[in-house]
Structure formats: C-alpha cells, structure tokens
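One letter stands for each residue in the lines below.
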Amino acid sequence: MNSKKRGLLIGRMQPVHNGHIEIIKQILEEVDEIIIGIGSAQLSHELKNPFTAGERLMMLNQALAENDIERNRYYIIPMEDVNRNALWVAHVKMMTPPFKEVYSGNSLVKQLFSEEGFEVHQPPLFDREKLSGTEIRKRILNGEDWQSLVPQATVEIMKEIKGAERIRNLNVKEKSEII
C-alpha cells in the first residue's frame, strides 16, 4: 500500500478566516492529506484568543465543508502549547498522525521542526493586511466589516456563540484590568 503524503499546518485560528481556507487549499495541492493543528488549544476568553478550541474546530470543520474540501483529506486536532520548546515537536508528533512536511510562517516553529529533520515550507499568505485574526478582531471592536474576511460558516458560528459580543466584552474587561 502506498503511504500518503501528509502535511502539518498549525494555527491559532482566532477566528477561522478566508486566508486559512486558501492556505489549506494550496497545501492540499501538494499533499494527499493535511493535519490542521488548532494551536494554543488551552486558551480562550482572552482578547488575543477569544474562542475555545471546540469553537474553532466547529468553524474550521464547517468552513472546509462549505468550500467542498473532502472530509477524508484532513484531520483537525486541537493542540495545547507546551512551554518547553525542546519538547514541543515530540508533543505534536504524539498528538498527530505521521507526517513529513510542515507548513508554517512562524520562525520558531520552522526552526524547531527543521532541527528535527522535517521538511518545512513557508505557506503563501493571502492578503495578509486584511486576512489575519488580529485585523478581524480589531474590525469587530471598531464596528467595521469583518464578515467579508471570513467564511460564511465562521459568521454563522460567531452569531451562535455571540463571538463579536465576547470580543467587545473582553476588550472592556482587559482595559479595566490594566489600571
């Protein structure tokens, strides 16, 4: 049996946006299957990390379905941070199916996986000025259009979980704590 070419992409996805979907589509042109790690899975309800791993998993699953990406071509795995860089790659390997390719724009991630002998690629970034979680969260706080930057699935889940309200409430809470 032929072994499948499998790649790993890790991102916080706070929230899932159109750039994530484009990167995943691009990677799927190079590999048979993609392992999508939802990074910093233990964090939520913070301005920088407002959504739970489960909420991000829902956004991603539904956005991939919305984009007709075949279910048998991806795995979504929440990944907690391990705050010991020397152990992190081993932790990721323990949590995932086997893979040989790693896709990341994060210089530390690239360094750590390179040192462990993985083939590391810089994924293309799509309209990075607009397509970033930071920009989307900023637009939500400023009452600007953010819906056009995310899949419809993300918009729907954000409504369901009152995600925009959560971000606004976290902003007020975090401002009041910085006194």
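For the structure itself, consult the block above.
Just so it is clear, the model here is predicted, and its values are computed rather than measured.

Calculation rules
Residues numbered from 1 in each chain as written. Predicted model: local features only at pLDDT ≥ 70, side-chain atom pairs only at ≥ 80, totals over all residues. Heavy atoms only, no water. Phe/Tyr/Trp six-rings, centres within 6.5 Å; stacked < 30°, edge-to-face > 60°. Buried < 20%, exposed > 50% of the residue type's maximum accessible area, 1.4 Å probe, protein only. Helix = DSSP H or I, 4+ residues; strand = E, 2+ residues; numbered from the N terminus. Pairing = 2+ DSSP bridges. Right-handed = clockwise from strand over helix to strand, strands pointing away.

Peer 1: How should I be thinking about the packing of aromatic side chains in this particular structure?
Peer 2: Given two aromatic rings, one states the distance between the centres and the angle between the planes to describe the pair. Tallied over the entire structure, the rule returns four aromatic pairs. Ring plane angle 80° and centroid distance 5.3 Å describe the contact between Phe113 and Phe118, whose orientation is recorded as edge-to-face. Accessibility assignment for this pair places Phe113 and Phe118 in one class, buried.

Peer 1: I tried to follow the pairing of strand β2 (residues 33-38) on my own but got confused; where do I start?
Peer 2: Two faces, one strand: in a regular strand the side chains alternate between the faces of the sheet. With six of six residues buried, β2 is to be regarded as a mostly interior element. In β2, alternate side chains face the same way, and those of Glu33, Ile35 and Gly37 on one face and Ile34, Ile36 and Ile38 on the other are all buried. Both strand β1 (residues 6-11) and β2 contribute to a ladder of six bridges, which runs parallel. Each bridged residue has a counterpart across the sheet, and for Ile10 the counterpart in β2 is Gly37. Read from β1 through helix α1 (residues 18-28) to β2, the crossover connection turns out right-handed. Sheet topology note: the β2/strand β3 (residues 74-78) ladder contains five bridges and is parallel. When the bridges of β3 are listed, Gly37 appears paired with Ile77.

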